Amino acid sequence: MLSHLLIIGLFYTNAFYVIPFYERRKFFQFILITCIELGLYGAFRFLIKFILVLSIAGVERVTNFRGFTAEVFYLFFQFYIISIAYRYSINRERRIRSIEKEKAIQQDLTIELQKDYLQTELAYLKAQINPHFLYNTLSFLYSKAVNISTVLAESIMTLSDIMRYALSNDVDSRGTVLVEDEIIQVRNLIKIYKLRFNDTFFIEFDVSGELEGRRIIPLIIITIVENAFKYGEFKEADAPMQIKITFGDDFMILTSFNRKKVINKNFAGKGEVGLKNLIKRLHTHYGSRHTYEVIETKETYITNITISL
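The numbers attached to residues start from 1 for each chain and follow its sequence in the written order. Under the rules for a predicted model, residues below a pLDDT of 70 receive no local features and side-chain atom pairs below 80 are neither given nor counted, while totals for whole chains, interfaces and linings still include all residues. Side-chain numbers come from the whole structure's heavy atoms, not from hydrogens or water.

Undergrad: Looking at this structure, I do not really get the overall build of the protein chain. What am I missing?
TA: Secondary structure assignment for the protein chain yields eight helices and eight strands. Between buried and exposed lies partly exposed: a residue is buried under 20% and exposed over 50% of the maximum accessible area for its type, with that area taken using a 1.4 Å probe on protein chains only. Out of the 309 residues belonging to the protein chain, those deemed buried represent 31%. It only takes one pair of heavy atoms within 4.5 Å for two residues to be counted as in contact. Of all intrachain contacts in the protein chain linking residues separated by at least 6 positions in sequence, the fraction that spans at least 24 positions is 71%. Per the convention used, a helix needs a DSSP run of H or I reaching at least four residues, while a strand needs a run of E reaching at least two, with both numbered from the N terminus.

Undergrad: Help me understand the pattern of salt bridges, please; the structure alone is not making it clear to me.
TA: Once their charged atoms are close, side chains differing in charge can pair, the charge on each being opposite to the other. A pair is scored as a salt bridge if a Lys or Arg side-chain nitrogen falls within 4 Å of a carboxyl oxygen belonging to Asp or Glu. The final tally for this structure, using the stated rule, is eight salt bridges. Because the salt bridges share partners, they merge into one network encompassing Asp172, Arg174 and Arg215.

Undergrad: Got a minute to help me understand the pairing of strand 8 (residues 300-308) in this structure?
TA: Within a regular strand, the side chains alternate between the two sheet faces. Pairing analysis gives nine bridges linking strand 6 (residues 251-260) to strand 8, with the strands arranged antiparallel. If you follow Phe257 over to strand 8, its bridge partner there is Ile302. As defined by bridge partners, strand 7 (residues 290-296) adjoins strand 8 across seven bridges and the pair is classed as antiparallel. Across the sheet, Ile295 pairs through a bridge with Ile302, a residue of strand 8. Where strand 7 hands over to strand 8, the hairpin turn is made up of three residues, counted between the paired strands. One bridge is not enough; two strands pair if DSSP finds at least two bridges between them.

Undergrad: For this particular structure, what's the right way to read a nonpolar patch on the surface?
TA: To count toward a patch, a residue needs a relative accessible area over 30% and no salt bridge; like charges are then connected within 9 Å, while nonpolar side chains (Val, Leu, Ile, Met, Phe, Trp, Tyr) are connected within 5 Å. To be clear on the numbers: accessible area is Shrake-Rupley with a 1.4 Å probe, and residue cover counts the displayed protein chains and nothing else. The grouping of Phe28, Leu32, Ile36, Leu40 and Phe44 at the surface amounts to a nonpolar patch, some 510 Å² of accessible area in total. One can find Ile36 in helix 2 (residues 27-56). Judged by relative accessible area, Ile36 falls into the partly exposed class, the value being 45%.

Undergrad: Looking at this model, I keep getting lost on the confidence of the model for the protein chain. Mind explaining?
TA: Any residue range with low pLDDT should be treated as having predicted coordinates unsuitable for detailed reading. Confidence of the predictor at the level of single residues is captured by pLDDT, which takes values from 0 to 100. Across the protein chain, the average pLDDT comes to 80, with 81% of residues at 70 or higher. For the protein chain, helix 2 is the element with the lowest average pLDDT, namely 71, and strand 5 (residues 241-247) is the one with the highest, namely 95.

Undergrad: What am I meant to see in the packing of helix 6 (residues 179-197) against helix 7 (residues 220-231) here?
TA: For any two helices packed against each other, the geometry is given by the interaxial angle and the distance between the axes. A fitted line through C-alpha atoms serves as each axis, taken over the contacting stretch for helices, and the angle formed by two N-to-C directions is quoted from 0 to 180°. Close contact between helix 6 and helix 7 brings their axes to 8 Å; oriented N to C, the two are set at 20°. Compared by their axis directions, helix 6 and helix 7 come out roughly parallel. As helix 6 runs across helix 7, the sense of the crossing is right-handed. Between helix 6, through Glu182, Ile183, Gln185, Val186, Leu189, Ile190 and Tyr193, and helix 7, the contact on the second element is made entirely by Ile220, Ile221, Ile222, Val225, Glu226 and Phe229. Each residue belonging to the contact of helix 6 with helix 7 can be placed in one class, and the counts come to ten nonpolar, one polar and two charged. For classification, angles of less than 35 degrees are called roughly parallel, those exceeding 145 degrees roughly antiparallel, those between 65 and 115 degrees roughly perpendicular, and all remaining angles oblique. Here a crossing is called left-handed whenever its near helix is offset anticlockwise from the far helix by less than a right angle, and right-handed whenever the offset is clockwise. Any residue that is not Ala, Val, Leu, Ile, Met, Phe, Trp, Tyr, Cys, Pro, Asp, Glu, Lys or Arg is counted as polar, Gly included; the first ten are nonpolar and the last four charged.

Undergrad: I keep staring at helix 7 and nothing clicks. Help me out?
TA: Residue pairs spaced three or four apart in an α-helix point in one direction, given the helix's 3.6 residues per turn. Between the first and last C-alpha of helix 7 there are 17 Å, a value that for twelve residues agrees with the 16 Å anticipated at 1.5 Å per step. Most of helix 7 sits inside the fold, with ten of its twelve residues counted as buried. Three or more residues of helix 7 are buried, namely Ile220, Ile221, Ile222, Thr223, Ile224, Val225, Asn227, Ala228, Phe229 and Tyr231. Here the expected length of a helix is defined as 1.5 Å per residue gap, with one fewer gap than residues.

Undergrad: Sorry if this is basic, but what is going on with unusual backbone geometry here?
TA: Glycine aside, residues mostly have negative phi angles, and peptide bonds mostly take the trans form. The phi torsion at Leu219 lies on the positive side, around 70°, for a residue other than glycine. By the element assignment, Leu219 lies in the loop between strand 3 (215-216) and helix 7. Here Leu219 falls in the partly exposed class, since its relative accessible area comes to 24%.

Undergrad: Would you mind going over the packing of aromatic side chains with me for this structure?
TA: The geometry of an aromatic ring pair comes down to the distance between the two centres and the angle between the two planes. Pairing of aromatic rings covers Phe, Tyr and the six-membered ring of Trp, with a centre-to-centre limit of 6.5 Å; geometry is then stacked below 30 degrees between planes, edge-to-face above 60, and tilted otherwise. For the coordinates displayed, the defined rule picks out eight aromatic pairs. Ring geometry for Phe229 and Phe234: centres 6.4 Å apart, planes at 75°, overall edge-to-face. Here the two residues Phe229 and Phe234 agree in accessibility, since each one is buried. Ring-pair connections join several aromatic residues into one group, and the members of that group are Tyr193, Phe197, Phe201, Phe229 and Phe234.

Undergrad: When you look at the side chain of Thr223 in this model, what are you seeing that I'm missing?
TA: Within the secondary structure layout, Thr223 lies in helix 7. Residue Thr223 is classed as buried on the basis of its relative accessible area, which comes to 17%. In the analysis that follows, any N or O atom pair within 3.5 Å is treated as a polar contact, provided that within protein one partner can donate a hydrogen and the other can accept it, and provided that, for residues neighboring in sequence, both atoms belong to side chains. A distance of 2.4 Å separates a polar side-chain atom of Thr223 from the backbone oxygen of Leu219.

Undergrad: In this structure, what is going on with helix 6? I would like to understand it.
TA: Taking 1.5 Å of rise per residue, the 19 residues of helix 6 would be expected to cover 27 Å, and the 27 Å separating its terminal C-alpha atoms lies within 8% of that figure. Inspection of helix 6 places Val179, Glu182, Ile183, Gln185, Val186, Asn188, Leu189, Ile190, Ile192, Tyr193, Leu195 and Phe197 among the buried residues, and these make up the whole buried set. Positive phi shows up at Asn198, right after helix 6, with a value of about 55°.

Undergrad: Sorry, what's going on with the side chain of Thr300 here?
TA: Within the secondary structure, Thr300 is located in strand 8. For Thr300, a relative accessible area of 14% puts it in the buried group. A polar contact is formed between the side chain of Thr300 and the side chain of Thr297, at a distance of 2.7 Å. Each residue touching Thr300, except ones within four places of it in the same chain, is listed here: Phe257, Asn258, Arg259, Lys260 and Ile295.

Undergrad: How should the nonpolar core be read in this particular structure?
TA: Residues enter a nonpolar core if they are buried and are Ala, Val, Leu, Ile, Met, Phe, Trp, Tyr or Cys, with the set joined through side-chain atoms within 4.5 Å. Judged by nonpolar contacts, the single largest core of 35 residues is most densely connected at Phe201, Ile221, Phe229, Ile245, Met252, Leu254 and Leu282. With eight residues, helix 6 is the largest single contributor of residues to this core. In this structure Ile221 touches Glu182, Ile183, Val186, Ile216, Ile245, Met252 and Leu254, once residues within four positions along its chain are discounted. One finds Leu10, Val18, Phe76 and Tyr80 within the second-largest nonpolar core, a separate group that totals twelve residues.

Quick look at the structure:
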């Protein structure tokens, strides 16, 4: 009974604590501990067989050491080999589970990529409308409106400039545009809202720092500003919407602040697609070189974007 317990203990010790040294290529520790195991096993076998059992049976001396040693080596390496096989089966099962888990992750990723592909394909199909058709149509509307309302005509022409920038902006090989071009279109967007709301549109738009030659991926600033206009309150003179853009030597900080306005439930959430797309583009292009932070309370909404240029 004691011998069986000893073998079981050494079996699991070998499988879970000794063989891992070999797997980690720590051969010296592996050989050393194996020798210690063999020595301890032989000592306990000697204690159990010759000192306890034979002494109880009345035998005073041990004469067959050669046979005892052969038996110790045979039994030790027998359970040693079995423990190696057991360890191999455990590792094999773990690898199978890991492969299955990886396959499941890959399947989920494939499904997600397929969804993204379908969405991209749909966006591409929507974009097949000829931009020149839109420009020509807006030019036609401008020519008709100029004799009717200068405000309407000016709005149409400004909208045409924004659409031209959004559809055919001057992107370089890195996928970036001049900051100055983006700022011009933000000012155009502000201009349209001012024409629309007259004296009930209050905003503080501030740009500081050197802009010349600076480049960012397109539609970052204009997306944030448009989202603020859509969901923010801008009709209070004592609490105007605030858009601040600061350029340092190698960074840009964009901050927007606005009070929340009551949104129709059917309308709420429709701007999230643009923001999600913006966050994806920031992550893809800038990675750890950017931060995107939202501070939201019951009454206010603040967005902070920092980019290392």
